[in-house]
Amino acid sequence: MPITTRRAALIGALAAPGIARAAFPERSIRLLVPYGGGGQTDIVSRVTAEALSQRLGQVVLADNRPGGAGNLAAETLARGPADGYTIMVATMGTNSGVNALMYRALGYDWERDFAPIGHFCSTSNVLLVHNSIPAPDFPALIAWIRANPGRFTYASAGVGAITHLIMEDLGARLGLDMVHVPYRQSTQAMTDLLSGRVHARCLGLPEGETVRGQNSIRAVAVTSATRRENWPGVPTMGETVPGFTGSSYFGLTARAGTPPEAIARISEALNDALRDPRVRGAYERVGADPAPQNSPADFQRTIRAAHDQWAPLIRRLNLVAE
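Residues numbered from 1 in each chain as written. Predicted model: local features only at pLDDT ≥ 70, side-chain atom pairs only at ≥ 80, totals over all residues. Heavy atoms only, no water.

## A few points about the environment of Val-44
As for its placement among the helices and strands, Val-44 is situated in helix H2 (residues 40-56). By relative accessible area, Val-44 is classed as buried at 0%. Taking C-alpha positions, Val-44 is 8.2 Å from Phe-250, a pair spaced 206 residues apart along the chain. Those residues in contact with Val-44, other than ones at most four positions away along the chain, are Phe-120, Cys-121, Thr-123, Pro-206, Phe-250, Tyr-283, Val-286 and Ala-288. (Helix = DSSP H or I, 4+ residues; strand = E, 2+ residues; numbered from the N terminus. Buried < 20%, exposed > 50% of the residue type's maximum accessible area, 1.4 Å probe, protein only. Contact = heavy atoms within 4.5 Å.)

## A word on the nonpolar core
Core analysis: the biggest nonpolar cluster contains 42 residues, and Met-92, Met-102, Leu-127, Phe-138, Leu-141, Phe-152 and Leu-165 have the highest contact counts within it. Put simply, the parts of the chain that give this core at least two residues each are helix H5 (98-102), strand S4 (114-130), helix H6 (138-147), strand S5 (152-156), helix H7 (162-174), strand S7 (200-204), strand S8 (217-222) and helix H12 (296-317). If near-sequence neighbours (up to four positions away) are discounted, Phe-152 is found in contact with Ile-133, Leu-141, Trp-144, Ile-145, Met-167, Met-178, Val-179, His-199 and Ala-200. In this structure, Val-47, Leu-56, Tyr-85 and Val-286 belong to the second largest nonpolar core, which totals 36 residues. (Core = buried A, V, L, I, M, F, W, Y, C linked by side-chain atoms within 4.5 Å.)

## Observations concerning the confidence of the model for the chain
Residue-level pLDDT values for the chain average 91, and 93% of them are 70 or greater. Of the regions scoring below 50 in pLDDT, residues 1-19 engages in 3 contacts with residues more than four places distant in sequence or in other chains. (pLDDT = per-residue confidence, 0-100.)

## Here we look at the packing of H2 against helix H10 (residues 260-274)
At a closest axis distance of 9 Å, the pairing of H2 and H10 adopts a crossing angle of 110 degrees. Relative to H10, the element H2 is oriented roughly perpendicular. When the axes of H2 and H10 are compared, the crossing they make is right-handed. Across the interface between the two elements, Thr-48, Ala-51, Leu-52, Arg-55 and Leu-56 of H2 pack against Arg-265, Ile-266, Ala-269, Leu-270, Asp-272 and Ala-273 of H10. (Axes fitted to C-alpha atoms, helices over the stretch in contact; angles between N-to-C directions. Parallel < 35°, antiparallel > 145°, perpendicular 65-115°, else oblique. Left-handed = near helix turned anticlockwise from the far one by under 90°.)

## Side note on the environment of Gln-293
If you trace the backbone, Gln-293 turns up in the loop between strand S10 (288-290) and H12. With 22 residues separating them in the primary sequence, Gln-293 and Asn-271 have C-alpha atoms 5.7 Å apart. When sequence neighbours within four positions are dropped, the list of residues in contact with Gln-293 reads Asn-271, Leu-274, Arg-275 and Asp-298. Within the structure, Gln-293 has its side chain in polar contact with the backbone oxygen of Asn-271 (distance 3.1 Å). Separated by 2.7 Å, the side chains of Gln-293 and Arg-275 make a polar contact. (Polar contact = N/O pair within 3.5 Å; in protein donor to acceptor, adjacent residues only side chain to side chain.)

## Quick notes on the packing of aromatic side chains
Under the definition given, this model contains 4 aromatic pairs. Taking 5.6 Å as the distance between ring centres and 85 degrees as the angle between the ring planes, the aromatic pair formed by Tyr-249 and Phe-299 counts as edge-to-face. With Tyr-249 in strand S9 (residues 247-255) and Phe-299 in helix H12, this pair connects stretches of sequence that are 50 residues apart. Directly above the ring of Tyr-85 sits Arg-27, whose terminal nitrogen or CZ lies 3.8 Å from the centroid. (Phe/Tyr/Trp six-rings, centres within 6.5 Å; stacked < 30°, edge-to-face > 60°. Lys NZ or Arg CZ within 6 Å of the ring centre and 35° of its normal.)

## Topic: the side chain of His-164
Positionally, His-164 belongs in helix H7. You can call His-164 buried: its relative accessible area is 2%. Among the polar contacts listed, one links the side chain of His-164 to the backbone nitrogen of Gly-160, at a separation of 3.0 Å.

## Side note on the packing of H2 against helix H11 (residues 277-285)
For the pair H2 and H11, the least separation of the axes is 10 Å and the interaxial angle reads 170 degrees. Regarding the angle of H2 to H11, the classification is roughly antiparallel. Where H2 abuts H11, its residues Val-44, Val-47, Thr-48, Ala-51 and Arg-55 lie against Val-279, Ala-282 and Tyr-283. Along the lines of polarity and charge, the residues of the contact of H2 with H11 split into 6 nonpolar, 1 polar and 1 charged. (Nonpolar A, V, L, I, M, F, W, Y, C, P; charged D, E, K, R; others polar.)

## Some details on the pattern of salt bridges
Enumeration over the complete set of coordinates arrives at 17 salt bridges. Where Asp-42 meets Arg-46, a salt bridge forms, and the shortest distance between an N and an O atom there is 2.8 Å. Of this pair, Asp-42 and Arg-46 both sit in helix H2, separated by 4 residues, roughly a single helical turn. Looking at Arg-46, the relative accessible area reads 40%, which means it is partly exposed. Of the charged contacts, one joins Arg-265 and Glu-268 as a salt bridge, the two residues approaching to 3.1 Å between their closest N and O atoms. With a gap of 3 residues between them, Arg-265 and Glu-268 both fall in helix H10, about one helical turn apart. Overall, the relative accessible area of 47% leaves Glu-268 in the partly exposed class. Taken together, the salt bridges that share partners define one network made up of Arg-55, Asp-272, Arg-275, Asp-276 and Arg-278. (Salt bridge = Lys/Arg side-chain N within 4 Å of Asp/Glu carboxyl O.)

## Observations concerning H2
The end-to-end C-alpha distance of H2 is 24 Å, a good match for the 24 Å that 17 residues give at a rise of 1.5 Å each. For H2, the buried fraction is high: 14 of the 17 residues fall into the buried class. Directly after H2, the chain includes Gly-57, whose backbone phi takes a positive value near 75 degrees. (Expected span 1.5 Å × (residues − 1).)

See the structure below:
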């Protein structure tokens, strides 16, 4: 057999199905974090990146890509290679179609462009109020807002963020006239809350932990279904507004078309982390609830459920992001 023929045969054999390939991953993985540093998404993402790095044998590097309520990170993933080496923290805005309802033009399709990997935690929220508002508890706060229409200001991570939707839902249910002040940077929103430039901020418990005990603010309610052990004495919103809850999911997603073995390997590592008391404790210490064991199909159902919960509110209020 001529040398060129033997060489072609060898190349064909190496590329043939069934030939062993190096196990995924062979190099570091980039984890796109769709919000800036210091916020709840960043906090829980870094816990997850560290846990995955230990189990995958490669560095999982958290890469903050804030912008457009997560759209910048989502567009980066959708336009990148479908190889499993770039993945993203999945959030309600990017992966449950919330942003698609509010932004006129997106560089990705939330239903077509992503492949779910797994759910790693959920977070509830806490409403922090500056002490300049003379209302000692949640019912008194509602009464003050009613008595002062258009005067109460609250910060959020942006139009359509879960913290914005919670306050819009609350206002719609109770007929409250409140002024929304969206922020691009979580640190600036916190600075303005602590100084009294805005009256309140609804934010995830992981981020709330970083300012708990500040003398200028107080916690008046949490959005979880039951009270939180690490926020003693703080009632749920549902105790005043029956049935009211609000939480966020966080998970991992890859670009659609990513090899199934890569998704399966990351999912396996994620579930192993979720069985580890040390990892679960790391989530709990920042106020997050670790997810149960779950598959990509399970996570897809979580993604769809969030869409079904919040899409009607967005449509009813005709929310449009700027």
